[in-house]
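# Structural characterization, general
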Amino acid sequence: MKRQIYKPYEQNQAMLLPPSLDELIPETHIVRVVNRIIGEIDKKVLDKQYKGGGTSAYDPGMLLKVLVYAYTQRVFSSRRIAKEIRENINYMWLSGMNRPDHRTINRFRGKVMKAVIGDVFYGVIEQLMEQGYVNLESYFVDGTKIEANANRYTFVWKKSTEKNKAKLQDKVKQLLDEIDEIEAAEEEEYGEKDLEEMGEGKEIDVEKLKEAARKINERLRQQPEDKELKTAKKKLESDFIPRLEKYEKYEKIFNGRNSFCKTDTEATFMRMKEDHMLNGQLKPGYNIQMGTENQFIVGYSIHQRAGDTACLIPHLDQVKDQLGVLPKKIVADAGYGSEENYQYLETEHLENYVKFNTFHKEQKRSWRKQRFRVENLEYDEKRDEYICPDHQRLVFKREVHKKSDLGYLSKLREYECQNCSGCSMKSECTKATGNRSIRVNFALNQYRDQARSNLLSDQGRRLSIQRNVDVESVFGRLKNNWGFRRFLLRGKEMVNIEWGILSIAHNIAKLAAV
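About the thresholds
Residues numbered from 1 in each chain as written. Predicted model: local features only at pLDDT ≥ 70, side-chain atom pairs only at ≥ 80, totals over all residues. Heavy atoms only, no water. Helix = DSSP H or I, 4+ residues; strand = E, 2+ residues; numbered from the N terminus. Contact = heavy atoms within 4.5 Å. Pairing = 2+ DSSP bridges. Axes fitted to C-alpha atoms, helices over the stretch in contact; angles between N-to-C directions. Salt bridge = Lys/Arg side-chain N within 4 Å of Asp/Glu carboxyl O. Buried < 20%, exposed > 50% of the residue type's maximum accessible area, 1.4 Å probe, protein only. Core = buried A, V, L, I, M, F, W, Y, C linked by side-chain atoms within 4.5 Å. Parallel < 35°, antiparallel > 145°, perpendicular 65-115°, else oblique. Left-handed = near helix turned anticlockwise from the far one by under 90°. Nonpolar A, V, L, I, M, F, W, Y, C, P; charged D, E, K, R; others polar.

### Some remarks on the environment of Ile 253
Assignment of secondary structure puts Ile 253 in helix α11 (residues 227–254). Measuring from C-alpha to C-alpha, the distance between Ile 253 and Glu 266 comes to 7.7 Å, with 13 residues separating the pair along the chain. Not counting residues within four places of it along the chain, the set of residues in contact with Ile 253 comprises Phe 260 and Thr 265.

### Remarks on the sheet that holds strand β12 (residues 409–417)
Taken in spatial order, the five strands of this open sheet run β9-β10-β11-β12-β13, and their pairing is antiparallel. A strand with exactly one partner marks an edge of an open sheet, and here the two such strands are β9 (378–380) and β13 (437–440). Taken pair by pair, the neighbouring strands of this sheet meet at an average axis angle of 35°, ignoring direction. Examined bridge by bridge, β12 and β13 share four bridges and lie antiparallel to one another. Among the inter-strand pairings, Tyr 415 is bridged to a residue of β13, identified as Ile 438.

### Considerations on the pattern of salt bridges
Oppositely charged side chains can form a pair if their charged atoms are brought close together. Overall, the coordinates contain 28 salt bridges when judged by the stated rule. Residue Arg 152 is joined to Glu 147 by a salt bridge in which the shortest nitrogen-to-oxygen separation is 2.8 Å. For Arg 486, the salt bridge is made with Glu 147, and the minimal N-O distance between the two is 3.4 Å. With Arg 486 in the loop between α18 (458–481) and α19 (492–513) and Glu 147 in strand β1 (residues 138–147), the pair connects residues that are 339 residues apart, well separated along the chain. Residue class for Arg 486 comes out partly exposed when judged on its relative accessible area of 37%. Counted as one network, the salt bridges with shared partners bring together Lys 397, Arg 398, Glu 414, Glu 416 and Arg 439.

### Examining the nonpolar core
Core analysis: the biggest nonpolar cluster contains 100 residues, and Val 68, Met 113, Trp 499 and Ile 504 have the highest contact counts within it. Counting residues per element, this core draws most heavily on helix α7 (residues 102–130), at twelve residues. Look past the residues within four positions of Met 113 in its chain and what remains in contact with it is Leu 46, Leu 64, Phe 108, Val 120, Ile 497 and Ile 501.

### Remarks on the packing of helix α2 (residues 30–39) against α19
Contact geometry for α2 and α19: axes closest at 9 Å, N-to-C directions at 120°. Here α2 lies oblique to α19, going by the angle between them. The way α2 lies across α19 gives a crossing that is right-handed. For the pair α2 and α19, contact is made by Ile 30, Val 33, Val 34, Arg 36, Ile 37 and Ile 38 and by Ile 504, Ile 508, Ala 509, Leu 511 and Ala 512, respectively. A breakdown of the residues in the contact of α2 with α19 according to their chemical character gives ten nonpolar, no polar and one charged.

### Notes on unusual backbone geometry
Backbone geometry follows two general trends: most residues other than glycine have a negative phi, and most peptide bonds adopt the trans configuration. Here Gln 295, not a glycine, exhibits a phi torsion of approximately 65°, which is positive. With a phi angle near 60°, His 349 is a residue other than glycine that sits in the positive phi range. Mapped onto the elements, His 349 comes out in the loop between α13 (339–347) and β8 (351–354).

Function cannot be read off these values alone, since they describe shape.
See below:
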């Protein structure tokens, strides 16, 4: 049997010269790309966040490089990043053998990056544009929901708050009426003073309750043995006032939303795709809107509303503020196809490749066979009337206005059939007990015609296919490959920082792979 020969192995072998870390890192390694791209960003935006004086600080450029590289390696925790700096050669080389602890890393990410995340992100985008990877020709928009770093069971619902506040208002008014009766019985002239006015019809706020409590305290100084006033005082100060303060605080936090989470009040409860219990559980989270080109993230924004429709305009406005210009072609799915969004694209002179909710259904034969649908009814433009399959006319009745979440007013024209009684087709046509009525948005229909024409063109079909592999694959990489499904930081500003660093990391990782 031949003797096995092993390669030399000596852990304690002395070296004449220690090896350089630079020699140990391949020239094409992603850590070098991070070092180059972040190194070319203007460092002045980071320097402005330091007030000077005191002990020396870690170089902000170094901390930024370490953060971005960590995110490309799916390391998001500040403690894990600090551990990698101590143990990993790539981190050692990138940090220049500096060893910031997890507090320093977290403080830099949470405080310094708060003011500069936009400048840093778009600094990377400018480099991608200079290198020809991004040209702002086509912009593929989509949204996803990411769970917040918050307790799933500490929810507050707007309807419940309104209901409980209304009940409390009734109890308060009843108590004030009782106090008025007591006062009227004891002192006849008190009947026309403030307490009675506060209990009449108008909603009572905390300040009015505190004023009522103050008047009761004044009364008790004169009559300290009055048990009924003591009971009223106790109810006001220990129950009604704290509860009303809580409800008023909740109303401010809602800020147009239907819910929020107590452990992250800026997170809204949303339905996530990740529903392992299959019970439609709502979780606190944020709606991330993102636009890509050639699978590079060109713009992103954080939203507190679950629906995508009302997020498109704020998202594009943010991109325009940063880049100074918007991409020429906007490509999005049916969740964005509203009149308000279409008008915005028209005003900004952008090409509209945004689907609407019935776009795919219209391409099927079964759609055209549904002759009772509003879209398939015959329209007499001269008489401004619709004609149903039974040749009955639906005449104009009134104009209705509908306001969107962003305050946009849409005009809908309502038409009603003059006589549906005795019609043999009524059961197929409508479920209404009376005559059938329809509402038509002519402006939206016109925008949809334009979108349909664009989407069905050769270029539109190509862009629609490309959207599926452009923005969707980026979300797939961030959520599935990199495992980023829950934020580590709390609050909208902190979430914006975290997603910004993640987006920078993705763009550099994509660049390194090109």
